[in-house]
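Remarks on the overall topology
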Amino acid sequence: MNRSTKGVPGSSDSDVYSRRKSALWESQELEGIDAFLVTEPVHHRYLCGFSGSNAYLFLTPAETLFFTDGRYCEQSDDEVRGAQVEIVEGPLRDALKGVVGPGQSVGFEARRLTVAEAEGLNSSFPQVEWRPVEDVIERLRLHKDESEVAAIQRAVDIAVEVMEEVAGKLEPGRTELEIAGFVEESLRRHGSEGSAFEPIVASGLRGAMPHGRASTKPVSEGECVTIDFGAVWSGYHSDLTRTFAVGEVERQFIEWQGVLGEAIEAVLALVEPGFPCKELDAAARGVIDEAGLGDYFVHNLGHGIGLEVHEGPHLSRSSSDSLAEGMAFTIEPGIYVPGRGGIRIEENVVVTGEGPRLLTRTPRTLEPPEK
Ligand code: ZN
Ligand code: ZN
């Protein structure tokens, strides 16, 4: 039976999942562990294709068991590949009864499990040695394969179309909330599975808030509007920001925009496998500092994107990550001056053997595109 067309686009799913599971078992963190209980939904998608929310994936080096509840009967049949599916009545952990044995060492995702869930496992299976495991699947996910990059590119392409469409609707009198509504509607219409996060729309003085949530404030002539949102395609996220001028704006904004453009170019020039992420952050900060605006770039340079909209690598002053082929991340310098306003540009890139591949191909100018 050929069931290779679902889940991860453009590749044979079972092969992809078995490759990922083999890589997982090669991780140092799983040494000496008999089985690994994966509870994080994003990781179910990564390791077997399931996109629902309530499941346990129980991995051993030899087999993969997938447990979910009756609501997901059809969906699991449709999506899950490379795992034996069992529908469970009652709490999912009951399904482990016939699976885990005394003295077995079972890893669990320490960062992804609530204290209550962990305690439930402990009290139901006191004879099992539960071993907290951190970031092991997250580390695998840092390196995107071709089909993952293709999904991110698709999510970026949707976001670019939405950005261009919404920019054409920026008119004095429209509220930030109304603009956020355009973003959400347009995302859906262009095929996004949803919003990567609640769209940020910040105009005028509110632009000085890096994460200004859309408000009832109407946009006025002579203001800048920062719009930040992401699309989701096949579970993969994009994250795009542009700042647009509504009518004629003060010179400072045009200068700041130029500085951000330079900062992004300085970063792109350094992107290659092996380069330390904290030095990318430093390169952008250097350009902004030199323009005398260093105090106003108040957040990290960027973050990884993938099955989650914020994941590794971390592009910050204190990051210990280094770039590697297949990493996808944002570059998002901003300038925020209280009482005056702010701007941000956010690009999405992938690291290739030859350097950066810029995924977000849309102008960085303050000028909105022609209507
Ligand atoms: Zn963003
Ligand atoms: Zn971002």
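First, a word on scope: everything that follows refers to the structure included in this document. Source: prediction; values computed, not measured.

1. Topic: the coordination of the zinc ion (ligand 1)
The zinc ion (ligand 1) binds to the protein through Asp228 (OD), Asp228 (OD), Asp239 (OD) and Glu346 (OE); the donor distances cover 2.0 to 2.5 Å. The coordination sphere of the zinc ion (ligand 1) comprises four donor atoms, whose angles at the metal cover 55 to 146°; the geometry is irregular. Mapped onto the sequence, the donors of the zinc ion (ligand 1) take the spacing D-x10-D-x106-E. Between the zinc ion (ligand 1) and the zinc ion (ligand 2) the interatomic distance comes to 3.2 Å, and Asp239 is a ligand of both metals. Within this pair, whereas Asp228 is found in strand β8 (residues 223-229), its partner Glu346 is found in the loop between β16 (341-344) and β17 (347-352), the two being separated by 118 residues in sequence. Note on Asp228: relative accessible area 3%, which makes it buried.

2. Concerning the coordination of the zinc ion (ligand 2)
Coordination of the zinc ion (ligand 2) by the protein is provided by Asp239 (OD), His303 (NE2), Glu332 (OE) and Glu346 (OE), with metal-donor distances spanning 2.1 to 2.2 Å. The coordination sphere of the zinc ion (ligand 2) comprises four donor atoms, whose angles at the metal cover 80 to 159°; the geometry is irregular. Within one chain, the residues donating to the zinc ion (ligand 2) are spaced in sequence as D-x63-H-x28-E-x13-E.

3. A few points about the packing of aromatic side chains
Here the structure, examined in full by the defined rule, presents five aromatic pairs. Ring plane angle 90° and centroid distance 5.3 Å describe the contact between Phe50 and Tyr72, whose orientation is recorded as edge-to-face. Of the two residues, Phe50 sits in the loop between α2 (41-48) and β2 (55-59) while Tyr72 sits in the loop between β3 (64-69) and α3 (73-79), which places them 22 residues apart along the sequence. Members of the aromatic cluster, connected to one another through ring pairs, are Phe50, Phe66 and Tyr72. Over the ring of Tyr46 we find Arg20; its NZ or CZ atom is 4.1 Å from the centre of that ring. Positioned above the aromatic ring of Phe182, the side-chain terminus of Lys169 is 4.5 Å from the ring centre.

4. With respect to the sheet that holds strand β4 (residues 84-88)
Spatially, six strands are ordered β4-β3-β2-β1-β5-β6 in an open sheet, and the strand pairing comes out mixed. Of all strands in the sheet, those with a lone pairing partner are β4 and β6 (129-133), marking the two edges. Averaged over all adjacent pairs, the angle separating strand axes in this sheet is 25°, with direction ignored. Together, β1 (35-38), β2, β3 and β5 (105-109) form the strand contacts of α2, whose direction differs from that of β2 by roughly 50°.

5. What to know about the nonpolar core
Core analysis: the largest hydrophobic core is formed by 55 residues, its most contacted members being Leu24, Phe36, Leu47, Leu59, Ile137, Ile227 and Phe229. Per-element accounting of this core gives the leading share, twelve residues, to helix α6 (residues 146-167). If you count residues domain by domain, this core takes at least three from each of domain 1 (2-141) and domain 2 (146-358). Once residues lying within four places of it in the same chain are set aside, the contact partners of Phe229 are Ala159, Val162, Met163, Val183, Leu187, Phe197, Pro199, Ser238, Asp239 and Leu240. Judged by nonpolar contacts, the second largest core, of 35 residues, contains Trp256, Leu260, Leu315 and Val349.

6. A look at helix α9 (residues 277-290)
Compared with the 20 Å implied by 1.5 Å per residue over 14 residues, the 20 Å span of α9 between its first and last C-alpha is a close match. Every buried residue of α9 is accounted for by Cys277, Leu280, Asp281, Ala283, Ala284, Arg285, Val287 and Ile288. Backbone geometry just after α9 places Gly292 at a positive phi near 80°.

7. Details of the pattern of salt bridges
Taken as a whole, this structure holds 29 salt bridges when the rule is applied. Here Arg141 ties to Glu311 by a salt bridge, and the two come within 2.6 Å at their closest N and O atoms. One end of the pair, Arg141, is in helix α5 (residues 136-141); the other, Glu311, is in strand β13 (residues 311-315), with 170 residues separating them in the sequence. Under the relative-accessibility criterion, Arg141 is labelled buried at 3%. Overall, the relative accessible area of 8% leaves Glu311 in the buried class.

Cut-offs used in this document
- Residues numbered from 1 in each chain as written.
- Chains lettered and ligands numbered in written order.
- Predicted model: local features only at pLDDT ≥ 70, side-chain atom pairs only at ≥ 80, totals over all residues.
- Heavy atoms only, no water.
- Donors = N, O, S within 2.8 Å, 3.2 Å for Na, K, Ca; no water.
- Tetrahedral: all angles 85-135°; square planar, octahedral: opposite > 155°, others 65-115°.
- Helix = DSSP H or I, 4+ residues; strand = E, 2+ residues; numbered from the N terminus.
- Buried < 20%, exposed > 50% of the residue type's maximum accessible area, 1.4 Å probe, protein only.
- Phe/Tyr/Trp six-rings, centres within 6.5 Å; stacked < 30°, edge-to-face > 60°.
- Lys NZ or Arg CZ within 6 Å of the ring centre and 35° of its normal.
- Pairing = 2+ DSSP bridges.
- Axes fitted to C-alpha atoms, helices over the stretch in contact; angles between N-to-C directions.
- Contact = heavy atoms within 4.5 Å.
- Core = buried A, V, L, I, M, F, W, Y, C linked by side-chain atoms within 4.5 Å.
- Domains from an automatic or database assignment.
- Expected span 1.5 Å × (residues − 1).
- Salt bridge = Lys/Arg side-chain N within 4 Å of Asp/Glu carboxyl O.

All we've got here are geometric facts, nothing functional implied.
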